[in-house]
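For reference, the chains in residue letters:
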Amino acid sequence: MSLANGRTYLAIPGPSAMPDRVLRAMHRAAPNIYEGEIEVLAAGLVRDLKKVALTKYHCGIYISNGHGLWEAVNTNLFSRGDTALVMATGRFGHGWADYARQMGITVEVLDFGLKAPADAAQLEAALRADTDHKIKAVFVTHMDTATSIRNDIPSLRAAIDAAGHPALLAVDCIASLACDEFRMDDWGVDIMISASQKGLMVPPGLGFLFASDKAVEAGKTAGLRTPYWDWTPRLFPKFVYEYFGGTSPTHHMFGLRESLDMIAEEGLENIWARHAALSEALWAAFDAWSAGGHDIALNVADPALRSHSVTAARFGGGNAQRLRKWLESEAGVTLGIGLGMAEPGTPEIDSFLRVAHMGHVNTHMVLGVIASMEAGLQALDIPHGAGGVAAAASVIARHSK
Ligand SMILES: *Cc1c(COP(=O)(O)O)cnc(C)c1O
């Protein structure tokens, strides 16, 4: 017997749950890719993506996952030998740094480990030390999906300004856009990247790049540009073929149209508040489970530094992996593996997991995950404090008042 038969729930940090509305919008014949409907569609997507990023500047869409967008930023900003400063707060920051290094860019890394946010004072000091302004851009993840650390972007902007340094600020919002508060222009961000399969609720396959006028200007001399990744035609298309450097991703565009409509209907502020409340419910469950000295813990101790779209946690002694397996076979729930928290292939990595709560998620989905996890803890005799479900339910009740 398995109790998992029924609708399954992939609660990993991307691909996130796709709304039926999005899937239905994709279920149709392809349009003409040269003229007509497609032109209106492409222009409307760019217009509305900018509303989600809260920018008046430029937006380009790539047929790519998030990794490709790291490369898109690198090619459009740098020449071989130029320097990037990466503020790493987990695996994804290091990933962007690796891509840059492999492309011949000199990379300096400020590594804040796995539990701390990027520190503005250290950024300011690094930029002040760069007296001949070798550093062209500062890279940071808004929210590192491996550690679930959320970085304070305005504080980093302030540090760059305080140092009087011309470096551009480039932010990876792949896991946070349309989940966590992000304001590109108000926060002085020059470049932002995101992707379709997380907060934007569309299947994997589209990447989004936003660039300020300052970034576009700075990029004009970039020697690493290649024809497909060059952002110029995408940011400033003269005809529809230029938006995508070839055939349009027709069905992803229909899905994205629908998701952007859903985002507009709910409103960004409400979306941020929903993610905040659901995260708080999950954290309350963890507080109950870990009470009494059990080897269960959220990765990020300070709630103010935690992501609202994914939560990284530890269940010691390899129990994270046992719990994940139980949830898959008995509850129809798949949680994310631990990423970058220990060496892959070692027993230690089995003590980490991640719960995603990004995009198209609501109370019953998050409470369902929490209750399933609590059932798994009991079934597997994993020592834990009682009352996780009740604690989470109280948080939801409070937020609904
Ligand atoms: C998911 C993610 C990526 C990578 O995106 P892919 O689409 O898997 O290539 C990069 N950065 C962050 C912060 C992410 O969450």
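Going along each chain's sequence as written, the residues are numbered from 1 onward. Under the rules for a predicted model, residues below a pLDDT of 70 receive no local features and side-chain atom pairs below 80 are neither given nor counted, while totals for whole chains, interfaces and linings still include all residues. Here the side-chain values reflect all heavy atoms present in the structure, with hydrogen atoms and water set aside.

### Regarding the packing of helix α11 (residues 268-290) against helix α14 (residues 388-400)
To obtain each axis, a line is fitted to C-alpha atoms, and for helices this fit is confined to the stretch in contact; angles are then taken between N-to-C directions over 0 to 180 degrees. Only runs of H or I of at least four residues qualify as helices and only runs of E of at least two qualify as strands under DSSP, and these elements are numbered from the N terminus. The geometry of α11 relative to α14 is characterised by a closest axis approach of 7 Å and an angle of 150 degrees between their N-to-C directions. On the basis of their axis angle, the class for α11 and α14 is roughly antiparallel. When you trace α11 past α14, the crossing you get is right-handed. Of the residues in α14, those in contact with Ala277, Leu278, Glu280, Ala281, Ala284, Ala285, Ala288 and Trp289 of α11 are Gly388, Ala391, Ala392, Val395, Ile396, Arg398 and His399. In terms of residue class, the contact of α11 with α14 is made up of eleven nonpolar, two polar and two charged. Oblique is the label for any angle not covered by the other classes, which are roughly parallel (under 35 degrees), roughly antiparallel (over 145) and roughly perpendicular (65 to 115). Less than a right angle of anticlockwise turn of the near helix away from the far helix marks a crossing as left-handed, whereas a clockwise turn marks it as right-handed. Only heavy atoms enter the contact rule, under which two residues are in contact if any of them lie within 4.5 Å. For this classification, Asp, Glu, Lys and Arg are treated as charged, while Ala, Val, Leu, Ile, Met, Phe, Trp, Tyr, Cys and Pro are nonpolar and the rest, including Gly, are polar.

### Overview of the site of the ligand
Around the ligand, the neighbouring residues are Asn65, Gly66, His67, Trp70, Phe92, Met143, Thr145, Asp172, Ile174, Ala175, Gln197 and Lys198. Asn65 is positioned such that a nitrogen or oxygen atom in its side chain is 3.4 Å from an oxygen atom of the ligand. The side chain of Lys198 places a nitrogen or oxygen atom 2.7 Å from an oxygen atom of the ligand. Here the shell around the ligand is built from residues that sort into five nonpolar, five polar and two charged. The near set for a molecule or strand comprises every residue that places at least one heavy atom within 4 Å of it. The definition of a polar contact used here is a pair of N or O atoms within 3.5 Å, where within protein one atom must be able to donate a hydrogen and the other to accept one, and adjacent residues in sequence count solely through side-chain atom pairs.

### Digging into the pairing of strand β12 (residues 310-315)
Across the six residues that make up β12, a large majority, five, are buried. One ladder, built from three bridges, connects strand β11 (residues 296-298) with β12; its direction is antiparallel. Paired with Ile296 across the bridge in β12 is Phe315. The rule for pairing is simple: two strands pair if DSSP sees at least two bridges between them. Pairing analysis gives five bridges linking β12 to strand β14 (residues 352-356), with the strands arranged antiparallel. Across the sheet, Ala313 pairs through a bridge with Leu353, a residue of β14. Burial status follows relative accessibility: with a 1.4 Å probe on protein chains alone, a residue under 20% of its type maximum counts as buried, one over 50% as exposed, and anything between as partly exposed.

### A look at the sheet that holds strand β8 (residues 168-172)
Reading across the sheet, the seven strands line up as β2-β10-β9-β8-β5-β3-β4 and stay open at both edges, with mixed pairing between neighbours. Looking at which strands have only one partner, the edges of the open sheet turn out to be β2 (58-63) and β4 (106-111). Here the strands of the sheet are splayed against their neighbours by 20 degrees on average, with no regard to which way each runs. Bridge analysis of strand β3 (residues 83-88) against β4 gives six bridges, and the strand direction is parallel. Of the residues in β4, the one forming a bridge with Leu85 is Glu108. Across the sheet, helix α3 (residues 66-77) is in contact with β2, β5 (135-141), β8, β9 (191-195) and β10 (206-211); its angle to β9 comes to roughly 155 degrees.

### Considerations on the sheet that holds strand β1 (residues 9-11)
Ordered by their spatial adjacency, five strands build an open sheet running β1-β13-β14-β12-β11, and the pairing between neighbours is mixed. Sheet topology places β1 and β11 at the edges, where each strand pairs with a single neighbour. For this sheet, the mean inter-axis angle between neighbouring strands, taken without regard to orientation, is 30 degrees. Here two bridges tie strand β13 (residues 333-337) to β14, and the two strands are oriented antiparallel to one another. For Gly336, the partnering residue across the bridge sits in β14 and is Arg354. Strands in contact with helix α12 (residues 319-331) are β12, β13 and β14; relative to β13, the strand with the most contacts, it is inclined by about 155 degrees.

Fair warning: the whole summary comes from geometry, so function is off the table for now.
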